[in-house]
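Each chain, written out:
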Amino acid sequence: MMGVACSYGLRNMTTDDQLAIEFQQGSREAFRELFERYREPVYGFFRRRLENPARAEELAQECFLALLRNEARYEPRASFRSYLYGIAIHMVSAERRKSGREIELNDKTPDPATDENVDAALWVRRALDQLEKDDREILMLREYEQLSYAEIAGLLRMPVNTVRSRLFRARIALKEQLAPVQDKD
Amino acid sequence: MNRATQHAFEPEEVMAYLDGELEPRRAAALAAHLERCDECRGIAAQFRQVSERLLDFAVATRSPNFDQAVLQAAARVKDEPPDDAKAGGRWFAAFGPWAWVGAVAVIVVIGVIVFVGIPLVQPRFMTAVSHDATTPMAYLPANSLSAQAGFEQKAQGGVIGKLEAPQPSGPMIAQTASLTIVANNYDDASAALGRLTASEGGYVQKLTSNARTGESRTVSATLRVPAKQLDGFLAELRKLGRVEQESQANDEVTDQYVDLQARLKSARASEQRMLQLLQTRTGKLEDVLDAERELARIRGEIESMEGQRVLLAHRVDYATVEVQLREEYREQLGAGRSSAITQIRNAAVDGFGNLEDGVIGVLLFLLDYGLSILFWSGIVGIPAWFAWRQFRLRRTSGK
């Protein structure tokens, strides 16, 4: 269903997890390949959650460097994708704690690249901002990061059924907000 | 998205189906249902629409030098030695003052554990277990368990109930008896001991016989007979001869048994919970090893307690009878006496032996003390001899 198109190209058919193991064994080529696969999704992850584009870029960079510095800590029992977004979630939480407040989404100016859909992007941001914090995170992890229910449950440390019910709740809430917009259209 | 109740699928399932998260069989059924149900197709379309609208939240592409900056930084990191402490410090700094508070708290807790001696592993697992409402008694002290146990305690459902041993239905008495019998016919009586015991369904635990020359023959036996047969068995024993001494004792072991039972139940519940923890929880290797050590310790306790319980139950089921069976001693004329020549020879051998012992004794005495005697004799005897000589000379000159 839906989701971000995977624009990052695949050089070969090696899976992320295989690359992660090669990377752990010291292959810088494997790291480069993983970086190429995930640079846009990871940047998008931070950009959608942080107000400041420059800070989002810094944290995306830091995320890959943290991956590199902690290569020994990766355990193949979890998927590489979960591991990477785990680091990213941790960094966003730390960033929010440091800034001392929850990032407000509704007062932000849309990116120049989306100017032609400014209204639509603004609607989405405001709609997301009205969701409960956990519901919003679950919805974003599902819709933008394309994580499975189980992966989300693992990252947010909650049961899979809770993930499913909260995702349902978030989507219903968004649908309710979508209805007036559609009517206007 | 209100739905009529006649639909076999909830909207949440439709959503999960679109996400590819529905169980295959259910997904196939839902796919077939969507073919013929307009309402459910409508719901699915609404979910798709929501997802498509969310894609409007596009983000600008990253700056052109993003890739180069990351790869250059990565190259620098590559040349750095692994420095977990540095990375940790950065994360640590991100947490601000709370990190320091947490660190101090951890140090204090570790200090308390180290200096006060609180066991580190056991309480952690005990805490985890005590939160489980299904085993509320699992970690209560044994005394409180025994107090709650009582005779009316019945096996409950669940793990604990299945593991419970049978509860006593009345007071548990361990019976013992002791008999000293002078047998009318020793041979028949000693043979009857084993036969009588077997006929009552018991067994001989220990048997020692003594048949020294010049003494009456005796048999000491420890017999175990079913407690219910004890009275009849004692009556049969009394018929073997004249009873010189008899005593009986009843030792009530109910408290002991119930307490043991409760501790056993608690330990088994702990074992089950520990197994569940090991199966369901992941953690550091050392935690797992600690848990396995704890499990081994609990199993050791269970085996020991189970052994005690069986032993205690056996003491109750089988009475212990200590029997001393003695032959009435009759001195026999001439029997066992030696001939005169043998007695003379034995006396001569004894005399020679005594002489030999005496000579050796004197020699050993002289060797041990001879030099000392000579020395002190010289010290004391020579002046005495001179004094005696002077005394005699004076007497002679006086006369």
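## Here we look at the overall build of chain A
Check the secondary structure of chain A and you find 8 helices and 0 strands. The order of helices and strands in chain A, counted from the N terminus, is α-α-α-α-α-α-α-α. Burial analysis of chain A (185 residues in total) assigns 37% to the buried set. Put simply, 59% of the contacts in chain A that link residues at least 6 apart link residues at least 24 apart.

## Digging into the sheet that holds strand E4 (residues 241-252) of chain B
Residues and elements named next belong to chain B. On the basis of which strands lie adjacent, the open sheet formed by 5 strands has the order E2-E3-E5-E1-E4 and mixed pairing. Two strands close off the open sheet at either side, each with one partner strand: strand E2 (203-210) and E4. Within this sheet the neighbouring strands show an average axis-to-axis angle of 10°, counted without direction. In this sheet, E4 lies alongside strand E1 (residues 173-183) in antiparallel orientation, the contact comprising 11 bridges. Its bridge partner being in E4, Leu-179 is matched across the sheet by Glu-246. Helix H13 (residues 285-317) contacts E1, strand E3 (218-226) and strand E5 (318-327) of the sheet and is inclined by roughly 50° relative to E1.

## Some points on the interface of chain A and chain B
Listed as interface residues are 42 residues of chain A and, on the opposing side, 37 residues of chain B. Counting only elements with at least two residues in the side of chain A that touches chain B, the list comes to helix H2 (28-49), helix H3 (53-69), helix H4 (80-99), helix H5 (118-129) and helix H8 (160-184) of chain A. Class assignment for the residues of the side of chain A that touches chain B results in 21 nonpolar, 7 polar and 14 charged.

## Points about the nonpolar core
Ranked by internal contacts, the top residues of the largest apolar core, which has 60 residues, are Val-42, Phe-46, Cys-63, Leu-84 and Ala-88 of chain A together with Val-14 of chain B. Sorting elements by how many residues they give to this core places H3 of chain A first, with 8 residues. Each residue touching Val-42 of chain A, except ones within four places of it in the same chain, is listed here: Ala-60, Cys-63, Leu-84 and Ala-88 of chain A.

## With respect to the environment of Glu-151 of chain A
Residue and element names in this part refer to chain A. As for its placement among the helices and strands, Glu-151 is situated in helix H7 (residues 149-156). A C-alpha to C-alpha distance of 6.2 Å links Glu-151 and Ser-82, two positions 69 residues apart in sequence. Setting aside chain neighbours within four positions, we find Glu-151 in contact with Ser-79, Arg-81 and Ser-82.

## Considerations on H13 of chain B
Given 3.6 residues per helical turn, the α-helix brings residues three or four places apart onto the same face. Taking 1.5 Å of rise per residue, the 33 residues of H13 of chain B would be expected to cover 48 Å, and the 47 Å separating its terminal C-alpha atoms lies within 8% of that figure. Regarding H13 of chain B, the residues found buried are Ala-291, Glu-294, Ile-298 and Arg-315 of chain B.

## With respect to the confidence of the model for chain A
Residues and elements named next belong to chain A. Looking at chain A as a whole, its pLDDT mean stands at 79, while 79% of the residues score no less than 70. Note on residues 1-11: pLDDT is under 50 here. Beyond four places in sequence and across chains, it has 19 contacts. Residue range residues 103-107 is modelled with pLDDT below 50. Its contacts to residues more than four positions away, or to other chains, number 11 contacts.

## With respect to the packing of H3 of chain A against H4 of chain A
Two measures define how a pair of helices packs: the angle their axes make with one another and the distance between the axes. Residues and elements named next belong to chain A. Where H3 meets H4, the axes come as close as 10 Å, and the angle between the chain directions of the two elements is 130°. One finds that H3 runs oblique with respect to H4. H4 is crossed by H3, and the crossing has right-handed handedness. Contacts between H3 and H4 involve Leu-59, Glu-62, Cys-63, Ala-66 and Leu-67 on the former and, on the latter, Leu-84, Ile-87, Ala-88, Met-91 and Glu-95. Its residues placed into classes, the contact of H3 with H4 shows 8 nonpolar, no polar and 2 charged.

## So, the packing of H4 of chain A against H7 of chain A
Residue and element names in this part refer to chain A. At a minimum axis separation of 10 Å, H4 and H7 run at an interaxial angle of 40°. Judged by the inter-axis angle, H4 sits oblique to H7. Considering how the two elements wind past one another, H4 and H7 form a crossing that is right-handed. Taking contact as the criterion, the partners of Arg-81, Ser-82, Tyr-85, Gly-86 and Ile-89 in H4 are, on H7, Glu-151, Gly-154 and Leu-155. Residue composition of the contact of H4 with H7, grouped by class: 3 nonpolar, 3 polar and 2 charged.

## A word on unusual backbone geometry
Unlike most non-glycine residues, Gln-146 of chain A shows phi in positive territory, near 60°. Considering the arrangement of structural elements, one finds Gln-146 of chain A in the loop between helix H6 (133-143) and H7.

## Notes on the pairing of E1 of chain B
Sheet faces and side chains relate simply in a regular strand, where the side chains alternate between the two faces. Across 8 bridges, E1 of chain B lies against E5 of chain B in parallel orientation. Bridge pairing in E5 of chain B links Val-182 of chain B to Arg-326 of chain B.

## A few points about the environment of Glu-327 of chain B
All names here are of chain B. Turning to its location among the elements, Glu-327 is positioned in strand E5. Take Glu-327: there are 21 C-beta atoms within 10 Å of it, and that puts it in the buried class. Sequence-wise, Glu-327 and Gly-241 are 86 residues apart; in three dimensions their C-alpha atoms are separated by 9.4 Å. Setting aside residues no more than four positions away along its own chain, Glu-327 makes contact with Ala-183, Tyr-186, Ser-216 and Arg-217.

## Describing helix H10 (residues 186-199) of chain B
Residue and element names in this part refer to chain B. The first and last C-alpha atoms of H10 sit 20 Å apart over 14 residues, in line with the 20 Å expected at 1.5 Å per residue. Taking the largest bend as the criterion, H10 deviates by roughly 30°, centred on Ala-192. Here H10 has its buried residues at Tyr-186, Ala-189, Ser-190, Leu-193, Leu-196 and Thr-197. Tucked into the core, H10 has its buried residues touching E1, E2, E3, helix H11 (230-238), E4 and E5. The positive-phi residue at the C-terminal boundary of H10 is Gly-201, with phi of around 85°.

## Things to note about the environment of Ser-190 of chain B
All names here are of chain B. Checked against the element boundaries, Ser-190 lands in helix H10. A C-alpha to C-alpha distance of 9.2 Å links Ser-190 and Ser-209, two positions 19 residues apart in sequence. Beyond its immediate stretch of four places on either side in the chain, Ser-190 contacts Val-219 and Leu-325.

The rules behind the values
- Residues numbered from 1 in each chain as written.
- Chains lettered and ligands numbered in written order.
- Predicted model: local features only at pLDDT ≥ 70, side-chain atom pairs only at ≥ 80, totals over all residues.
- Helix = DSSP H or I, 4+ residues; strand = E, 2+ residues; numbered from the N terminus.
- Buried ≥ 20, exposed ≤ 12 C-beta atoms within 10 Å, placed from the backbone.
- Contact = placed C-beta atoms within 7 Å.
- Pairing = 2+ DSSP bridges.
- Axes fitted to C-alpha atoms, helices over the stretch in contact; angles between N-to-C directions.
- Nonpolar A, V, L, I, M, F, W, Y, C, P; charged D, E, K, R; others polar.
- Core = buried A, V, L, I, M, F, W, Y, C linked by C-beta atoms within 7 Å.
- Expected span 1.5 Å × (residues − 1).
- pLDDT = per-residue confidence, 0-100.
- Parallel < 35°, antiparallel > 145°, perpendicular 65-115°, else oblique.
- Left-handed = near helix turned anticlockwise from the far one by under 90°.
- Bend = angle between axes of the 7 residues up to and from the residue.

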